Amino acid sequence: MIKVLVCGIGGKMGANITALLNCDNQAQAVCGVDLHTPENCKIPVYSSFGGVKENVDVIIDFSSPKVIREELGWAVKNKVPAVLASTGYSADDLKFIDECSEKIAIFRTANFSLGVNLLVKLVRQAALVLGENFDIEIIEKHHNKKADAPSGTALMLADSANSAFGGDKKYLNGREGIIGRRGNEIGIHAVRGGTIVGEHDVMFAGEDEIVTLSHSAHSKSVFASGAIKAAKWLVGKPAGKYDMFDVLENL
């Protein structure tokens, strides 16, 4: 049985992870790290990684970039692989993650949905086919409590489209005022409201025609399920950086 530490267990995604692990016959949550202990929680919850007493096989983190240094410091010390599902990391955070991946296996992606990762591939293919004759705009929609914008998934999609152009296009986050003629850019627009789980549209606007590729998530459990799948896959892997495409290739 794979023993999982859930970082961010007090949040909604932590609750989804824990609920799915309670019904899993291959993995189980043995402890959590969070400043808030969820009601009726039956496993130990620590306010920091320094208090963790359990032996664990893998971390699943749906918390915040604020904890990344403490978390990975503990993971490296204890040789525990980590699945990172947070978004909004700074450039320094990403550099630190890269450094730690030389010592432990780290799985990081902005989205654990199978459908979203398929969309990422389709966006690149569409950009290759449609080329410079089509302008690219990305619209992402999330609930009113999401802290970062644009979403990590929107940036994944932008990077995928941009790879078809050698990464030459700049990203323009929203537009305001007299902006003049559209340049060599990919527009990214964030909507926040209500309880929207996650919606992403990639629009290719050409002469007299529009092609739109879309994905909508109706439940957070789709992301929790993908993170658990990634955690099971990651255990036993050598040090390095991994993402959802590594998992998809082995399905």
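Provided above is the structure to which this section pertains.
Computed from a predicted model, the values in this text were never measured in an experiment. (Residues numbered from 1 in each chain as written. Predicted model: local features only at pLDDT ≥ 70, side-chain atom pairs only at ≥ 80, totals over all residues. Heavy atoms only, no water.)

Caption draft 1: Representation of the nonpolar core in the model. Counting residues in each nonpolar core, the largest one holds 32 residues, and the members touching the most others are Ile-17, Ile-60, Phe-62, Val-83, Phe-107 and Phe-112. For this core, the secondary structure elements donating two or more residues are strand S1 (2-7), helix H1 (12-21), strand S2 (27-33), strand S4 (58-61), strand S6 (105-108), helix H6 (221-234) and helix H7 (244-248). Residues in contact with Ile-17, not counting those within four places in the same chain, are Val-6, Ile-60, Phe-62, Ala-224, Ala-227 and Ile-228. Counting residues in hydrophobic clusters, the runner-up holds 24 residues, among them Leu-72, Ala-75, Val-80 and Cys-100. (Core = buried A, V, L, I, M, F, W, Y, C linked by side-chain atoms within 4.5 Å. Buried < 20%, exposed > 50% of the residue type's maximum accessible area, 1.4 Å probe, protein only. Helix = DSSP H or I, 4+ residues; strand = E, 2+ residues; numbered from the N terminus. Contact = heavy atoms within 4.5 Å.)

Caption draft 2: Looking closely at the sheet that holds strand S11 (residues 209-217). Here 5 strands make up an open sheet; going across it, the order is S8-S9-S7-S10-S11 and the pairing mixed. Each of the sheet's edge strands pairs with one partner strand only, and the pair in question is strand S8 (170-173) and S11. Sheet twist, expressed as the mean angle between neighbouring strand axes with direction ignored, is 20 degrees. In this structure, strand S7 (residues 135-142) lies alongside strand S10 (residues 198-206), joined through 7 bridges in antiparallel fashion. By the bridge assignment for S10, Ile-136 is matched with Phe-204. In the packing of helix H4 (residues 114-130) onto the sheet, contacts are made with S10 and S11, and the angle to S11 comes to roughly 170 degrees. (Pairing = 2+ DSSP bridges. Axes fitted to C-alpha atoms, helices over the stretch in contact; angles between N-to-C directions.)

Caption draft 3: Quick look at unusual backbone geometry. For the bond running from Ala-149 to Pro-150, omega is -5 degrees, close enough to zero to count as cis. On the secondary structure map, Pro-150 appears in the loop between S7 and helix H5 (152-163). Despite not being glycine, Lys-79 shows a phi value in the positive range, around 55 degrees. Mapped onto the elements of the fold, Lys-79 is located in the loop between helix H2 (68-78) and strand S5 (82-84).

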